[in-house]
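# Residue-level structure breakdown
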There are 2 protein chains.
Amino acid sequence: MKPYGIALVGCGTVGSGVAKLLLEHPQRLAARAGRPLELRRVVVKDPAKPRDPLIPKELITGNLREVLNDPSIDAAVEVVGGTGWARQAVLDLLAAGKDVVTANKALLATHGAEVFEAGRRHGTAIAFEASVGGGIPIIAALAQGLTANQILSLQGILNGTCNFILTGMSERGASYADVLAEAQRRGYAEADPTLDVDGTDAAHKLAILAQIAFGLAVPLASIPRRGIAQIDQADIRYSKELGYTIKLLAEAWLEPGGGEAGGDKAGGGDKAGGDHGGGQLALHVAPVMLRHLAPLALVRDAYNAIFIVGDAVGSTLYYGRGAGQMPTASAVVADLIDLAIGRGQLTFRSLALWSEQAHRVTLRPPGTVPSRFYLRLMVEDRPGVLAEVARILAHHHISISSVIQHEAMDGPDGDIVPLIIMTHSAPTGSFLATLGEFDRLDCVTAPSVYYPVGD
Amino acid sequence: MKPYGIALVGCGTVGSGVAKLLLEHPQRLAARAGRPLELRRVVVKDPAKPRDPLIPKELITGNLREVLNDPSIDAAVEVVGGTGWARQAVLDLLAAGKDVVTANKALLATHGAEVFEAGRRHGTAIAFEASVGGGIPIIAALAQGLTANQILSLQGILNGTCNFILTGMSERGASYADVLAEAQRRGYAEADPTLDVDGTDAAHKLAILAQIAFGLAVPLASIPRRGIAQIDQADIRYSKELGYTIKLLAEAWLEPGGGEAGGDKAGGGDKAGGDHGGGQLALHVAPVMLRHLAPLALVRDAYNAIFIVGDAVGSTLYYGRGAGQMPTASAVVADLIDLAIGRGQLTFRSLALWSEQAHRVTLRPPGTVPSRFYLRLMVEDRPGVLAEVARILAHHHISISSVIQHEAMDGPDGDIVPLIIMTHSAPTGSFLATLGEFDRLDCVTAPSVYYPVGD
């Protein structure tokens, strides 16, 4: 059968991994695609730069035109990243009749509508399994495996760098700075880790999953997000003491109707988003405290995992390496095989992602989203403090689930003690309103620290 | 677009679940399939029997011909089960030009070659996501998501009944008989649970997964299998003491070359089964002792999970409900949507399952498969016993990793004590050869008990 012609656009870590699979396992891939997958061009910024000797020199070019104008190239793999040059390259490739496989979550999360519309207009397809969860076939699970379901919730550990850092802080008691340095030495974190540790990368991935699962194009600015750089070792210790583990989660869940306070995640989603329901979608990226035996709490190091609840299937979980050269290349090449078979094009068309379809699901105002919370206040060790704090919570109708206050230690801060409070479920807005009041109390000596608590 | 016409063949628990999804969520499913999914016939053995009132009476028939001869029916869902009437029905449906969705693992595991060949001959497709792992999209993961990989190993908890029973025995210290009775009350176990508890059901599912992952048609008789009915509460306790949990696993893994003893699972698979490697496939269904924090050890109750290692993607895991009405219906309806879109037909053709393709992978003789083992001997509490046992193991070149022997208890068996030995990795055949020798020792008072130990 006619070979399937492929161009690589970008040849960094992931691109080299894709080239490796294509060039080292041609028989395996041809058997699975029903035709040979042939690497025909590798577009790079600097053609003079030394490359993996595996890649034939004559394939390398600095000019995207050589792909756009080559009728023997059926699909291009965009692994440049970012939303500048890559965005225009993807649009040009689609316009030139090339199907596009991309691992670029920033591009899809911020320009998904434009890119998908271009694919539909030109009759070309976009496949993006590698954009979320590395080698885990999570896009396929949502787009195909679970299509009979209304998805009720999804919770993911979607950033391996953050999970590696939190694992180190939790298991070895190391500081944020020390584990970050180790992650950088091991290649799990970039020299500038900002987009990973501040939750932006996870928010990009959550926007993509939410689009598939709920049909809603979520502007990045609508995803409340907190990162992990501010997490104090003390809170990791206290959470352990309470039987919890802190994980950076990207979460989205449907709530029935809108606005009413005091519901809870587990109970709320049941009737939401059915054929007639509509419903409101709550979503955020945040460090969340999970019970220490919850499935996602057990995911260690640089692994990713996604927990998905559907109305027919119930709870499902998908786990694997969320980044790295070969896991990501595994997803890219699976997409290429899908396109070579003709299946990827059908999936692209059937999903109609980021299209103008009418959405029944709307975004829930973040302040109305109910959650349990962990709260740590540094307070003076004197009578009446707990009463003052409890009064503020009561005033906002937030009830207390448990309290820990240890005896004061000797030392310079001997009369300042941490007061740890776990609340019952309350609207996020009400809870956040209490924080300003705590910080104005004379007996509270440092800004309050809080984390949502998972079910 | 033209509706996609569907017939249900069989209307028990799973069939009713499929009908429920089709009839209660027509808009949702039409949006995802790009066309309406219409239930047009329900074939049952006894049309007079009362059914769920949701199913329109006029759809019910006792005659398969009404499906075979109806050109408005595109696909049939076979949820009758078994290999008798169902086998002929599936062959007739394929011959009549109907695509078939089936949850029937026994049929595929024992008549896969015949059924798939019929599909190819008649240009019709077979989809079977629901046959393994209930609602978990595990067939799609192997057939699509991981196609860039050579699969190196797969390990599954594939029988929810057994996992429910083992969870109860482990967590509550209950006896096999008591938890089985509870499973039957809750509908997790059939009145006659034989095919579940003896490992046959898991072996059926393993044969299907092995066909997709390794391209090898494995006759059921070639899968060594042990069930859970003989598991003694005592061994569950001792395994806990050693830091292990007993799970019924279905496992398959590639070994490089053949025959040499003393390799180990984790190290062995690395170079096996590449484009040039071939390799030998070891597989079995057995109660296996897993370290108590291993991912599969944490899977509780009636849940299923499959741990898959690929040469590019590394370790991945898939988890969810492995049985039950709506999880299984979720998988069946996903297959129907796949077929309505035209994707299922492409998958069926590209996989060429149970075809006459030349296999480079061969079955490894079970006796040569290396494993660690747990061994319990009931021995007389007198000097020299450990020496005799150790001498037999040494004679077979099996080295001991750890030993537990508790002090004798007072009571009728006061002078009989359990001797627990954990071995290092050894060829299964060598280990099994020691058992007969132990049982012939005067100091050993009961048949020896053993379980393989996972990595």
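Keep in mind that what you see is a predicted model, and the values were worked out from it rather than measured.

At the interface, 47 residues of chain A touch 47 residues of chain B. When chain A packs against chain B, close to 4,100 Å² is buried across both sides, 51% of that on carbon and sulfur atoms. Taken together, chain A and chain B are joined by two salt bridges. With its nearest N and O atoms 2.6 Å apart, the salt bridge here joins R28 of chain B to D311 of chain A. Remark: the boundary between chain A and chain B carries 17 residue pairs in polar contact (both at pLDDT 80 or more). Those elements that provide at least two residues to the side of chain A that touches chain B are α1 (13-24), α2 (26-33), α6 (138-145), β11 (314-321), α13 (325-341) and α14 (343-351) of chain A. Residue contributions to the side of chain A that touches chain B peak at eight residues, all from α13 of chain A. When grouped by side-chain class, the residues that make up the side of chain A that touches chain B number 22 nonpolar, 17 polar and eight charged. Direction of pairing for β11 of chain A relative to strand β11 (residues 314-321) of chain B: antiparallel, over a ladder of five bridges. Within β11 of chain B, the position partnered with T316 of chain A by the bridge is G320 of chain B.

With an axial shift of 0.0 Å and an RMSD of 0.0 Å, the rotation relating chain A to chain B amounts to 180°. Considering both components of the superposition, the chain copies are consistent with a two-fold axis. Considering only C-alpha atoms, the part of chain A nearest the rotation axis is Y318 of chain A, at 2.4 Å. Both copies share a contact surface, since 100% of the interface residues of chain A are interface residues in chain B too.

Another point: the pairing of strand β7 (residues 151-157) of chain A. Residues and elements named next belong to chain A. Buried residues dominate β7, accounting for six of its seven residues. Bridge count for β7 against strand β10 (residues 303-310) is six bridges, and the pairing is antiparallel. Paired with I151 across the strands is G310, a residue of β10. Where β7 meets strand β8 (residues 244-255), four bridges bridge the pair, whose relative direction is antiparallel. Bridge pairing in β8 places S153 opposite W253.

Quick look at the domain arrangement of chain A now. Residue and element names in this part refer to chain A. Taken domain by domain, chain A comprises domain 1 (4-127), domain 2 (138-321 + 358-366) and domain 3 (369-453). With five residues of domain 1 at the interface, the matching set in domain 2 holds six residues. Between domain 1 and domain 2 lies a buried interface of about 440 Å² when both sides are counted; carbon and sulfur atoms form 80% of it. Run the count over domain 1 and domain 2 and you get one salt bridge.

Glancing now at the pattern of salt bridges. Going through the model one piece at a time under the given rule, you end up with 36 salt bridges over all chains. Between K2 of chain B and D74 of chain B there is a salt bridge whose closest N-O contact spans 3.8 Å. Of this pair, K2 of chain B sits in the segment before β1 (4-9) while D74 of chain B sits in the loop between α3 (65-68) and β4 (75-78), and the two are 72 residues apart along the sequence. You can call K2 of chain B exposed: its relative accessible area is 53%. Through salt bridges with shared partners, a single network forms among K105, D201 and K205 of chain A.

Residue and element names in this part refer to chain A. Three or more residues of helix α8 (residues 176-185) are buried, namely Y176, V179, L180, E182 and A183. Around the axis of α8, the buried residues are gathered within 160° of arc, so they sit on the same side. Looking at α8, the residues exposed on the side facing more than 90 degrees away from the buried face are A177, D178 and R185. Tucked into the core, α8 has its buried residues touching α7 (160-172) and α9 (194-197). G187, located one to two residues past α8, shows a positive phi value of around 80°.

A word on the sheet that holds strand β2 (residues 37-43) of chain A. Residue and element names in this part refer to chain A. With parallel pairing, the six strands of this open sheet are ordered in space as β3-β2-β1-β4-β5-β6. Both edges of this open sheet fall to β3 (60-61) and β6 (126-127), since each of them pairs with a single strand only. Judged from the six bridges that link them, strand β1 (residues 4-9) and β2 form a sheet pairing that is parallel. Paired with G5 across the strands is E38, a residue of β2.

Let us now look at the sheet that holds strand β3 (residues 60-61) of chain B. Residue and element names in this part refer to chain B. Across the sheet, which stays open at both edges, the six strands sit in the order β3-β2-β1-β4-β5-β6 with parallel pairing between neighbours. One side of each edge strand has no neighbouring strand; the edge strands of this open sheet are β3 and β6 (126-127). Docked against the sheet, helix α13 (residues 325-341) engages β1, β2 (37-43), β4, β5 (99-102) and β6, running at close to 160° with respect to β5.

It is worth spelling out the packing of aromatic side chains at this point. Residues and elements named next belong to chain A. With the rule as written, the count across this model stands at 18 aromatic pairs over all chains. Each ring, one from F373 and one from F431, has its centre 4.0 Å from the other, and the planes form 0°; the classification is stacked. Taken together, the positions of F373 in strand β13 (residues 370-380) and F431 in helix α16 (residues 428-440) put the pair 58 residues apart, joining distant regions of the chain. Judged by its relative accessible area of 2%, F373 is buried.

Ranked by internal contacts, the top residues of the largest apolar core, which has 258 residues, are L37 and I138 of chain A together with L37 and I138 of chain B. Among residues more than four places away in sequence, those in contact with I138 of chain B are E129, V132, L209, I306, I308 and Y318 of chain B. Counting 32 residues, the second-largest nonpolar core is a separate cluster that includes A297 and F307 of chain A together with A297 and L317 of chain B.

Let us now look at a nonpolar patch on the surface. A surface patch of nonpolar side chains, about 210 Å² in accessible area, is lined by L386, I400 and V403 of chain B. Of note, I400 of chain B is situated in strand β14 (residues 400-405).

Before going further, it helps to spend a moment on the environment of L54 of chain A. Residues and elements named next belong to chain A. Inspection of the secondary structure assignment puts L54 in the loop between β2 and β3. Classification of L54 as partly exposed rests on a relative accessible area of 29%. Sequence separation of L54 and A113 is 59 residues, and the distance between their C-alpha atoms is 37 Å. Among all residues touching L54, those that are not within four sequence positions of it are A19, K20, L23 and E24.

The next subject is helix α5 (residues 105-122) of chain A. Residues and elements named next belong to chain A. Under the 1.5 Å per step criterion, the end-to-end length of α5 is only 22 Å for 18 residues, more than 12% shorter than the ideal 26 Å. At H111, α5 shows its largest bend, some 95°. If you check which residues of α5 are buried, you get A106, L107, L108, A109, G112, V115, F116, A118 and G119. Residues of α5 that are buried sit in contact with β4 (75-78), α4 (85-95), β5 (99-102), β6, α10 (200-214) and α14. Among the residues of α5, the N-terminal cap falls to N104, whose side-chain oxygen and the backbone nitrogen of A106 are separated by 3.4 Å. Directly after α5, the chain includes G123, whose backbone phi takes a positive value near 70°.

Among the structural elements, T434 of chain B can be located in helix α16 (residues 428-440). Those residues within four positions of T434 of chain B in sequence are excluded, and the remaining contacts are I392, L393, H396 and I398 of chain B.

Tracing the sequence through the fold places I138 of chain B in helix α6 (residues 138-145). For I138 of chain B and A305 of chain B, which are 167 residues apart along the polypeptide, the C-alpha to C-alpha distance reads 9.2 Å.

Another point: the side chain of T161 of chain A. Residue and element names in this part refer to chain A. Its location among the elements puts T161 in helix α7. Within the structure, the side chain of T161 is placed 2.7 Å from the backbone oxygen of Y188, a separation counted as a polar contact. Non-local contacts of T161, meaning those with residues more than four positions away in its chain, are made with Y188, A189 and D196.

About the thresholds
- In this convention, every chain numbers its residues from 1, walking through the sequence in written order.
- Chains carry letters and ligands carry numbers; both start at the beginning, A for chains and 1 for ligands, and go up in the order they are written.
- Note on the predicted model: pLDDT of at least 70 is required for a residue's local features to be given, and 80 or more for side-chain atom pairs to be given and counted; whole-chain, interface and lining totals, by contrast, use all residues.
- Water and hydrogen atoms were dropped before computing side-chain values, which therefore reflect all heavy atoms in the structure.
- Contacts are assigned to residue pairs with any non-hydrogen atoms lying within 4.5 Å of each other.
- Accessible-area loss on putting two parts together, using a 1.4 Å probe and summing over both, is the definition of buried area adopted here.
- Each reported salt bridge corresponds to a side-chain nitrogen of Lys or Arg within 4 Å of a carboxyl oxygen of Asp or Glu.
- Polar contact is the term for a pair of N or O atoms within 3.5 Å; when the atoms are in protein, one must be able to donate a hydrogen and the other to accept it, and sequence-neighboring residues count only if both atoms are side-chain atoms.
- Every helix listed is a DSSP run of H or I at least four residues long, and every strand listed is a run of E at least two residues long, numbered separately from the N terminus.
- By the convention adopted, Pro, Cys, Tyr, Trp, Phe, Met, Ile, Leu, Val and Ala count as nonpolar, Lys, Arg, Asp and Glu as charged, and the other residues, Gly among them, as polar.
- The rule for pairing is simple: two strands pair if DSSP sees at least two bridges between them.
- The atoms used to superpose the copies are C-alpha atoms, taken from residues with pLDDT of at least 70 in both, and the fit is least squares.
- Each residue is assigned to one of three classes by its accessible area relative to the maximum for its type, calculated with a 1.4 Å probe on protein chains only: buried under 20%, partly exposed between the two thresholds, exposed over 50%.
- Where each domain starts and ends follows an automatic or database-derived domain assignment.
- Within this analysis, the arc is defined by the directions that extend from the helix axis to the C-beta atoms.
- Structural elements are reduced to axes, namely lines fitted to C-alpha atoms, with helices fitted over the stretch in contact, and the angle between N-to-C directions of any two is expressed from 0 to 180 degrees.
- The rule is short: rings of Phe, Tyr and Trp, with Trp giving its six-membered ring, pair when the centres are within 6.5 Å, and they are stacked under 30 degrees, edge-to-face over 60, tilted in between.
- Only buried residues count toward a nonpolar core. Its members are Ala, Val, Leu, Ile, Met, Phe, Trp, Tyr and Cys residues joined through side-chain atoms within 4.5 Å.
- Each patch is assembled from residues with relative accessible area greater than 30% and no salt bridge, linking like charges that lie within 9 Å and nonpolar side chains (Val, Leu, Ile, Met, Phe, Trp, Tyr) that lie within 5 Å.
- Exposure was quantified through the Shrake-Rupley algorithm and a 1.4 Å probe, taking into account, for residues, occlusion by the shown protein chains and nothing else.
- To estimate how far a helix should reach, multiply one less than its number of residues by 1.5 Å.
- Take the seven residues that end at a residue and the seven that start at it, fit an axis to each, and the angle between those axes is the bend at that residue.

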